[in-house]
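Spelled out from the first residue to the last, the chains are:
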Amino acid sequence: MTNPVLSGDFADPSVIKVGDEYWATATTSEWAPHYPLLRSKDLLQWERVGIIFQQPPEWSEANYWAPELAVDNGRYFVLYTAKKKGGPLCVAVATASQVQGPYTDHGPLVCQELGSIDGALIRDENNKLFLVWKEDGNSRGLPTPIWAQPLSEDGTRLEGERTQILLNDTPWEGQLIEGPHLIKRGDWFYMFYAGAGCCGRNCNYGVGVARSHNLLTGWEKNPLNPIMKNNESWKCPGHGSVVTDAQGQDYFMYHAYHATDTVYVGRQGLLDPIQWGADGWPTINSRRGPGGKVLSKPTAFVDDFTSATPVLGWQWPNGRKPTSSIANGLLTLAPPAERETDPIGAILARSTNAGNYTAEAVLDVTGLPAGTVAGISAVGDPENALGVALKANTVEVWRRKSNKQETVTTATAPERPGGKLHLRMTAKSGHLFRFAVSPDGTTWTDVGGELNGDYLPPWDRGVRVALTAGGVAGASARFDSLRITPE
């Protein structure tokens, strides 16, 4: 087995088996559209096949985290976290009659004042349907109870009383436990959960497990917790789900940071088999951390815009959807009206899967509207980015930090007899960037020196490679292709 199985930014992965296929999804956070749907025949090779929400659910505004796929009596559920407009974090539910959707959103199930996140579905020992979730007390320095409460039989509303079933009360768990995922095995319920700090360079996440014969009482934590922590290849594993293959082997799909690409790629999706001991407790890779061989060279990405719509996996900042269309092998990209004058008002992005890569965009310079700034960039979020762009006859390398934009270097654009300008961005160690331009993709001219982008990643996301356009009312740009090649 080789990890990651989901290469790139796939935090909080959830997986279920449907017939002879496996389906997965993952956190999208502040990158829309929300929640990819991926399909696999073998848990190892995955393809993107859809999106759960084409538009953000009407009640929500941010923090699209931890979508949990579940199936109950032939109905498919996604229990997801989002921030209510003007309100707290909530656990909400959407349902479908088939796993690929379409999903009907039923809105929030629970919105505690401190925030409610990381929903999971389970039937208790009496076959009653329950929601299990985390109260987000750590956001205010308070404990993080795991709650359980009965659900209506259709799974769309809470009933009865909530019961606290677990708490962060063990030293390794630190400020929180979260990401509960429950399974039944024999006459036990098992809860796989995460503890400590999930994210960033100083993360200390790990995986714990607890068990009980009854859903609401009697939970005991494995005395050997955490059952998974760091090793030399991967850091801060956690927040996963369990799936069983056709042969009855259980697997744990979860996220972790690559030890060298770390926060620049983000939390990637890993898979490990679970071994069950004679004592009834699960172990993973003999408690040596994430297992398998480490993927030596992630796959390259290319979109030459020859299909009618962009291939799946393109993203834009939540609430800032650009206008995009494809015709005659060109992608036309334009900012939303309220962001036209922003030089990166339109951001259309791909997640990265390595710290060392070359990204090359081909810009069609014929008919570029006057004043338009168009190019390629590395984006943490709309307020933290850097890149290279063409404006009139000038190529400029720019940097935006904490929403303050500056031009770093300018150069005269090369002659473009073919009407195309090739823009290249090379990343080293995830955060050291160089830029070059070419009229033909063969003869390259460097623009400026090395730029340090270590400030780019937000606390919970990797860096994206983006096509950008903006700078003036009526701005738009046409791109011939984007290619991202891991080194």
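Look up a bit, the structure's there.
Since the structure is predicted, the reported quantities are computational estimates derived from the model, not experimental observations.

A.B. asks: What is the right way to look at empty space enclosed by the protein in this model?
C.D. replies: Throughout the structure, instances matching the rule amount to three cavities of 30 Å³ or more. Looking at the largest cavity, the residues that line it are Asp12, Pro13, Ser14, Ala66, Pro67, Glu68, Asp118, Gly119, Gly179, Pro180, His239 and Gly240. The leading source of residues in the lining of the largest cavity is strand β7 (residues 60-72), at three residues. A per-class count over the lining of the largest cavity returns four nonpolar, five polar and three charged.

A.B. asks: Got a minute to help me understand the packing of aromatic side chains in this structure?
C.D. replies: Centre distance and the angle of the planes are the two values used to describe a pair of aromatic rings. All chains considered together, the criterion is met by 13 aromatic pairs. Aromatic side chains Tyr190 and Trp276 sit 4.8 Å apart centroid to centroid with 65° between the ring planes, which places their arrangement in the edge-to-face category. Of the two residues, Tyr190 is situated in strand β16 (residues 188-195) and Trp276 in strand β21 (residues 267-276); the sequence distance between them amounts to 86 residues. Trp276 matches Tyr190 in its accessibility class, with the two residues each being buried. Ring geometry for Phe305 against Trp314: centres 6.0 Å apart, planes inclined by 35°, an arrangement best described as tilted. Residue Phe305 shares its accessibility class with Trp314, and that shared class is buried. Three or more aromatic residues joined by ring pairs form one cluster here, namely Tyr190, Phe192, Phe252, Tyr254, Trp276 and Trp281. One residue, Arg350, lies across the ring of Trp314, its end atom 5.3 Å from the ring centre. The aromatic ring of Trp444 is capped on one face by Arg424, whose charged end is 4.3 Å from the ring centroid.

Rules used in this analysis
Residues numbered from 1 in each chain as written. Predicted model: local features only at pLDDT ≥ 70, side-chain atom pairs only at ≥ 80, totals over all residues. Heavy atoms only, no water. 1 Å grid on protein atoms, 1.4 Å probe; cavity = no way out; pocket = protein on both sides within 12 Å on 5 of 7 lines; lining within 4 Å. Points joined across faces, edges and corners; volume = space filled by probe spheres on them. Helix = DSSP H or I, 4+ residues; strand = E, 2+ residues; numbered from the N terminus. Nonpolar A, V, L, I, M, F, W, Y, C, P; charged D, E, K, R; others polar. Phe/Tyr/Trp six-rings, centres within 6.5 Å; stacked < 30°, edge-to-face > 60°. Buried < 20%, exposed > 50% of the residue type's maximum accessible area, 1.4 Å probe, protein only. Lys NZ or Arg CZ within 6 Å of the ring centre and 35° of its normal.

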